[in-house]
Amino acid sequence: MMNRRTFLQVSAAGVVTASTLGRTGVASAEAYPKFTWISPRGTLEVLDDYPYWIGKKMGYFSDLGIETDMQPGPSDGTATVKFVDVGQADMGFPSPGVFSFGLENGMKLKSAFHMGAKDTFSLAFRKGEGTNDLKTLEGKTILLGSAAWQSIVDPMLAVQGVDVTKVKYAEAGWPTWGTALAAGQGDAALSWEGLRAEWIGSKLEFEYWLGVQHSPLFANTFVVRAADLDDPDKKAFLDKYLRAWAMGLEFGYHNPRAAVEAVFEQFPTLATNIGPDLGTTSILQQITVFRGDMDKRAGWGDHDMGAWQTFFDKIYELKQVSNPIKAEDVCSNACIAAANDFDHAKVKADADAYKLSDAFAAIDVENVKAHLYDQAVKG
């Protein structure tokens, strides 16, 4: 494990520099002059961030009073926490494993809005080679886009009874790790909801063990510097910023096709690559993950502290962190009530009134939902 000094040196010399993100040094105590959100994927040309793009289109972010920015970040799997920690970005979207990696390296971060209430992660197999018994992966090789993703897969396997010391990993690069699996390398590859549909659009036909069906864990979360939640001005801004995200999530739940259209308008190449049908499939996969069991949540972004504690206990058992972590110390629901304090009826009315293009209007959403898990390993 890197010590903190090495960790920050690596971040300072990363693929994306401070000047690229327009930030230098740790943010001051003043309210944000510009608020930068950084992706964990090395790209923004995905459907995963649809709440932001539909929120921007519908004007839900317009009353924030400052510029909001989205940055793809480096493809290094830990960049999304590094850049928040050193003040080059204000909010990151790490997996729980990468979040814990930052905590292990002394980063004073907190999860402020839990996006992925269910486990988005899955394992892709070449057709005919899939399994729902993950213990059979002992002695085999799992392909990753970034070596940092091992922190995602180890706990996912461990809770299924796998001895992770017997599993091999190979970094096959971003965005080529899926292609590497199709070409016969490795035995499985990490994937996630939404990406499954995009891989179909790229002619990558796999079968999947699906975490959303089988895993007690969960997915990525929005993290900020812990000090920002203690600063009244920044906390007030975060309440409003996360409210706009929650409104985008609510809109997408009521009209997923419109949310896909908003992303496609932003990224025409993505639209060309996957099209309306697969785009709708992708977003419905992600809505399931983001929404979770809403009847048991205090709203969009709510942390289930018991589930988080189970995760932290498991990674401590795996020696992924050197000290026990208390969920309440690093996960906060302080913004959740304010984030969900919006006119839900108005957002639904906005979604219902949205005029779809002919291509999207022709899609039968209920039929897409009926086939959402057709790629799951049978048996």
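Anyway, here's the lowdown on the structure attached to this text. Because the structure is predicted, anything quoted here is derived from the model rather than measured.

The next thing to look at is the packing of helix α3 (residues 50-58) against helix α12 (residues 256-266). As a packed pair, α3 and α12 sit with axes 8 Å apart at the nearest point and diverge in direction by 85°. One element, α3, and the other, α12, form an angle in the roughly perpendicular class. From α3, Y50, W53, I54 and K57 reach across to α12, where they touch A258, A259, A262, V263, E265 and Q266. A class-by-class count of the residues in the contact of α3 with α12 yields seven nonpolar, one polar and two charged.

A volume near 390 Å³ is recorded for the largest pocket. At the level of elements, α7 (177-182), α8 (195-201) and α13 (268-291) are the ones that each hand at least two residues to the lining of the largest pocket. With four residues, the top contributor of residues to the lining of the largest pocket is α8.

Here we take up empty space enclosed by the protein. A complete count under the given rule lists two cavities of 30 Å³ or more for this structure. Quantified by volume, the largest cavity comes out at close to 260 Å³. Along the wall of the largest cavity there are 20 residues; nearest its centre are P40, R41, F121, W192 and N220. Counting only elements with at least two residues in the lining of the largest cavity, the list comes to β8 (188-192) and α13. In terms of residue count, α13 provides more of the lining of the largest cavity than any other element does, three residues in total. Of the residues contributing to the lining of the largest cavity, the split by class is twelve nonpolar, five polar and three charged. The calculated volume of the second largest cavity comes to roughly 90 Å³. Every residue lining the second largest cavity is listed: S95, P96, G97, D119, F121, S151, I152, P155, M156, L217, F218 and F311. Looking at the lining of the second largest cavity, the elements that each hand over two or more residues are α5 (96-104) and α6 (150-158). Here the element with the most residues in the lining of the second largest cavity is α6; it accounts for four residues.

Our focus in this paragraph is the side chain of Q285. Assignment of secondary structure puts Q285 in helix α13. Owing to a relative accessible area of 1%, Q285 belongs among the buried residues under this scheme. With sequence-adjacent residues up to four places away left out, Q285 is seen in contact with E193, G194, R196, A197 and L372.

Reading the values: rules and limits
Residues numbered from 1 in each chain as written. Predicted model: local features only at pLDDT ≥ 70, side-chain atom pairs only at ≥ 80, totals over all residues. Heavy atoms only, no water. Axes fitted to C-alpha atoms, helices over the stretch in contact; angles between N-to-C directions. Helix = DSSP H or I, 4+ residues; strand = E, 2+ residues; numbered from the N terminus. Parallel < 35°, antiparallel > 145°, perpendicular 65-115°, else oblique. Contact = heavy atoms within 4.5 Å. Nonpolar A, V, L, I, M, F, W, Y, C, P; charged D, E, K, R; others polar. 1 Å grid on protein atoms, 1.4 Å probe; cavity = no way out; pocket = protein on both sides within 12 Å on 5 of 7 lines; lining within 4 Å. Points joined across faces, edges and corners; volume = space filled by probe spheres on them. Buried < 20%, exposed > 50% of the residue type's maximum accessible area, 1.4 Å probe, protein only.

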